[in-house]
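# Chains, contacts and geometry: an overview
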Amino acid sequence: MESPLKICVITNNPLVVSGLPKQYLVDYADITYRQILVKVRDLVYAGYRLYTHPLSGSVKPNETPYKSVVVSRKPEKMEVAEAAIISASIETFDKFRPGKRELTAQIQKDFQLVDYALLCGALGLDAAAGLSIIANQKL
Amino acid sequence: MKLELGYIQITDIQFSKESKVENGTLFVDADAVKAFMYEDDDVKEWVKSFSFDIAKPGESVRITPVKDVIEPRVKVEGPGGQFPGVIAKVDTVGSGKTHVLRGMAVVTAGKIVGFQEGIIDMTGPGADYTPFSKLFNFVVVAEPKEGYEDHKHEYEHAVRIAGLRAATFIGELGRNVQPDSSESFETLGIKEGIEKYPDLPRVAYVHMLQSQGLLHDTYVYGVDAKRTLTTILYPTETMDGAILSGNCVSACDKNTTYHHQNNPVVAELFAQHGKTLNYVCNIITNENVYLADKQRSSDWSAKLCRLLDLDGAIISQEGFGNPDTDLIMNTKKIELQGVKTTIITDEYAGQDGKSQSLADADPLADAVVTGGNANQVIILPKLDKVIGMLDYVDTIAGGHAGSLRPDGSIEAEIQVITGATNEMGFNTLSAR
């Protein structure tokens, strides 16, 4: 696994901003799931390494609005296999009918939680411990 | 390693003051089950209450949202116990004798996250799509304590343990019951197998385990599969409860604990063992999110296939999207070792079935069995009784705003139905 100092998390999930240790670089933007994928694709095409699968999670892309993807902080050389994965992920995203449902605040929080937990799993972090710290800060 | 399964056919379940199995009827004292579940500290900490119900085949009953389905069993001879590393101590299972309460299941239900899913209809068109409509189901509905919103990992763990404990309690009732029938399954050592079946092709089952994180986990002898390296199991270990489901998302293609206990690939390979093939072993491998993990795990799958001198491998995946990449990596690398593969998956091919089915592909993955198209639309009529709750239906996988219609019927994709497109091939859907 790469050092936290060598990676960058591309995300639209606010929980990731508050839930990762300080040494992680988080590039947060209030954009759509698809826009996150396109942003990652452009980075991968420019030589940034793709470290996590863009379609992590069994929650379908037309259900959850949140997505976090890990890439390298600096460009290296474009990896064809990684470019293929991100391209195929965008094609898969477009296959799903856009979700029309209104998400309640609690369901949005749950989608954020799952995205965050999957990211933590990928990074070897304990998501439950991170969430406890956030919950304690709220008290 | 040799395992004997003794099947005790369950033909009815009734609530009772006394828990026992008699003449095929399971009598359950729900208070005793509850007390046994609450002996666990995590269950005590996070679960406010349990309610219990019984759902029988053909009844106008909908169970939802389903978390897990578990077949009650008890180890009566030999080492180990049920659900090793979680309920029983971590001793290796898969040998000796285990009694199985056949024809029934413990179903855990109740909300963990707001978008959860999983429907088991006991009658109507939905019943055809889930294998669990044919079982007598003892349903445990869990309610969380207040404040659980910030502790969903802990709550998911507690409900998972509660279900396993309920199944353990009920399985124990079969300890001294004479089974109606029994079967034995044996896997030989590598050298013995080659000597005994010199002319049969050597085949293994590459069993991919969902391992992405919260609500997407699988446990092997209690170890979170995302923290494992690809390794070998005797097939009877799987049959004897070594692999447990912590996967609550994507109802149609998640492998419940029941699926692991009754893995149809294992059953079919054993049925052919010594006749058309030599069933060598199971290779378990994970489906992590980190790409380097995928590379390592699939490299190891291929390496083990070569080391075992296999002629063929059956590969099953669990989930959608991310695991498609693991599936193709495994298939491609195993084929490049000269080992023929057949993969089992399901499809997300769009509601018209015309889109690309998987998120990844390779020309070497040229033998595929499908478990059906999860985007297929179905209308589930209103049923008389709901066990669990329906309020989440508009947000479930494959549902959409307006899924729960005013007349109580549900319009959704078959994704919502537990086990509909199972990627072990457990269910009956396919395509030719």
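Placed above this text is the structure.
Notes on the structure follow. Sequence order sets the numbering: in each chain, residues are counted from 1 along the sequence as written. Each chain takes a letter, starting from A, and each ligand takes a number, starting from 1, following the order in which they are written. Whole-chain, interface and lining totals are the exception, using all residues; otherwise, since this is a predicted model, local features are given only for residues with pLDDT of at least 70 and side-chain atom pairs are given and counted only at 80 or more. Remark: hydrogens and water are excluded; side-chain values derive from all non-hydrogen atoms of the structure.

### Focus on the overall build of chain A
Within chain A, the regular secondary structure consists of five helices and three strands. In DSSP terms, a helix is any run of H or I states spanning at least four residues, a strand is any run of E spanning at least two, and both are numbered starting from the N terminus. Going residue by residue from the N terminus, the α and β elements of chain A occur as β-α-β-α-β-α-α-α. Computed over C-alpha atoms, the radius of gyration of chain A comes to 15 Å, within 12% of the 14 Å expected from 2.2 N^0.38 for 139 residues, which places it in the range of a compact globule. Its C-alpha atoms put chain A at 45 × 40 × 20 Å along the principal axes. A burial count over chain A gives 54% of its 139 residues as buried. Restricting the contact set of chain A to residue pairs at least 6 apart, pairs at least 24 apart contribute 72%. Values of accessible area rely on a 1.4 Å probe in the Shrake-Rupley scheme; residue burial ignores everything except the protein chains shown. Entry remark: accessible area of chain A is about 6,300 Å², with carbon and sulfur atoms responsible for 55%. None of His or the chain ends enter the tally, which takes Lys and Arg as positive and Asp and Glu as negative. By convention, the point assigned to a charge is CZ for Arg, NZ for Lys, CD for Glu and CG for Asp. Put simply, chain A has 17 plus and 14 minus side-chain charges, and the middle of one group is 1 Å from the middle of the other. Radius of gyration: over C-alpha atoms. The globule rule applied is 2.2 Å multiplied by the number of residues raised to the 0.38 power. Here the term buried applies to any residue with accessible area under 20% of the maximum for its type, exposed to any over 50%, and partly exposed to those in between, with areas from a 1.4 Å probe on protein chains only. Throughout, a residue-residue contact means that at least one pair of heavy atoms, one from each residue, lies within 4.5 Å.

### Some thoughts on the state of the cysteines
All names here are of chain B. Disulfides are defined in this document as cysteine sulfur pairs within 2.5 Å. Throughout the structure, instances matching the rule amount to zero disulfides over all chains. Unpaired in terms of disulfides, Cys 248 finds its nearest cysteine sulfur in Cys 252, a separation of 14 Å. Its relative accessible area of 1% is what places Cys 248 among the buried residues. This cysteine, Cys 305, is not joined by any disulfide, and Cys 281 carries the nearest cysteine sulfur, 8.0 Å off.

### Describing helix 1 (residues 30-37) of chain B
All names here are of chain B. All of the buried residues along helix 1 are Ala 30, Val 33 and Met 37. Looking straight down helix 1, one finds its buried side chains confined to an arc of 60°; they lie on one side. For helix 1, the elements touching its buried residues are strand 2 (12-15), strand 4 (25-28), helix 2 (41-46), strand 5 (47-55), strand 12 (136-144) and helix 3 (152-172). Pairing of N or O atoms within 3.5 Å defines a polar contact, subject to two protein rules: one partner must be a possible hydrogen donor and the other a possible acceptor, and residues neighboring in sequence count only if both atoms are side-chain atoms. The N-cap residue of helix 1 is Asp 29: its side-chain oxygen and the backbone nitrogen of Asp 31 are 3.1 Å apart. What the arc covers is the set of directions going from the helix axis to the C-beta atoms.

### Things to note about the packing of helix 1 of chain B against helix 3 of chain B
Residues and elements named next belong to chain B. For helices, the fitted axis covers only the stretch in contact; all axes are lines through C-alpha atoms, and the angles between them, taken along N-to-C directions, range from 0 to 180 degrees. Where helix 1 meets helix 3, the axes come as close as 9 Å, and the angle between the chain directions of the two elements is 130°. When the interaxial angle is binned, helix 1 and helix 3 end up oblique. Seen from above, helix 1 lies across helix 3 with right-handed handedness. Only Ala 162, Arg 165, Ala 166, Thr 168 and Phe 169 of helix 3 make contact with helix 1, whose side of the interface consists of Ala 32, Val 33, Phe 36 and Met 37. The nonpolar class holds Ala, Val, Leu, Ile, Met, Phe, Trp, Tyr, Cys and Pro. Asp, Glu, Lys and Arg form the charged class, and all remaining residues, Gly among them, are polar. Across the contact of helix 1 with helix 3, the residue classes break down as seven nonpolar, one polar and one charged. Just so you know how the angles are binned, under 35 degrees is roughly parallel, over 145 roughly antiparallel, 65 to 115 roughly perpendicular, and the rest oblique. Here a crossing is called left-handed whenever its near helix is offset anticlockwise from the far helix by less than a right angle, and right-handed whenever the offset is clockwise.

### Here's the deal with the sheet that holds strand 7 (residues 66-70) of chain B
All names here are of chain B. Here, any two strands with at least 2 DSSP bridges between them count as paired. Pairing is mixed across the open sheet formed by four strands, whose spatial order is 5-12-10-7. In the strand order of this sheet, the two ends are held by strand 5 and strand 7, each with one partner. Across the sheet, the axes of successive neighbouring strands diverge by a mean angle of 20°, strand direction being ignored. In the sheet, strand 7 pairs with strand 10 (residues 104-109) via four bridges, with the strands oriented antiparallel. Bridge pairing in strand 10 links Ile 70 to Val 106. Running at roughly 140° to strand 5, helix 1 makes contact with strand 5 and strand 12 of the sheet. Each of strand 5, strand 7, strand 10 and strand 12 is contacted by helix 3, which is oriented at about 160° to strand 10, the strand it contacts most.

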